[in-house]
Amino acid sequence: MAKKKSKKKEGKKKDSVKKKLMKLKLRKKKDAKKIEAKKKEAKKKEAKKKAAKKKGAKQKEVKKKKAKKKEPNQVLSVKKPVPVAKPQPKAPVVKKADHSSNYNVTNAIKKLRSLKTREELLSFIKGEKRVTITRVIPAAMNRLK
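Structure report, in brief. Just so it is clear, the model here is predicted, and its values are computed rather than measured.

A count of helices and strands for the protein gives four helices and zero strands. For the protein, the residues scored as buried account for 10% of the 145 residues in total. Within the protein, contacts between residues separated by at least 24 positions form 58% of all contacts whose residues are at least 6 apart in sequence.

Helix packing for two helices is described by the angle between their axes and how far apart those axes are. Where helix α3 (residues 118-125) meets helix α4 (residues 131-144), the closest approach of the two axes is 10 Å, and the angle between their N-to-C directions is 165°. Here α3 lies roughly antiparallel to α4, going by the angle between them. The two elements α3 and α4 cross, and the hand of that crossing is left-handed. Contacts between α3 and α4 involve Arg118, Leu121, Leu122 and Ile125 from the first element and Ile137, Ala140, Met141 and Leu144 from the second. Along the lines of polarity and charge, the residues of the contact of α3 with α4 split into seven nonpolar, no polar and one charged.

The rules behind the values
Residues numbered from 1 in each chain as written. Predicted model: local features only at pLDDT ≥ 70, side-chain atom pairs only at ≥ 80, totals over all residues. Heavy atoms only, no water. Helix = DSSP H or I, 4+ residues; strand = E, 2+ residues; numbered from the N terminus. Buried < 20%, exposed > 50% of the residue type's maximum accessible area, 1.4 Å probe, protein only. Contact = heavy atoms within 4.5 Å. Axes fitted to C-alpha atoms, helices over the stretch in contact; angles between N-to-C directions. Parallel < 35°, antiparallel > 145°, perpendicular 65-115°, else oblique. Left-handed = near helix turned anticlockwise from the far one by under 90°. Nonpolar A, V, L, I, M, F, W, Y, C, P; charged D, E, K, R; others polar.

Structure, rendered in structure tokens:
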């Protein structure tokens, strides 16, 4: 025969189920409160951002207006005369000395033979050590005498 369940056990089970349901309802309420709080915080943050953007835009507009106001005033302001520096006397232009060391041997010999004065020739060959050029020097000197 089947045993009959006692009324006490059935009552306890019902009570435990009721307690569990109550706990679940309380959790749902707490969760709902948390969600609402988060939503409120998000709205506050968005409002702050919008306010900051508006302030930034207003500040930019104010700056632009100030810049526009300043431009005409700057044009109308009296300019102070700038002192002009006196030009310094120019140094005499010295031509770069043309040396045989700046040329290849064949070109240096051609140039040496084409010189017209003895001073040009002496400045051109000054410090020359190449044998092929030094051989041509006496002939060029004799030609210019």
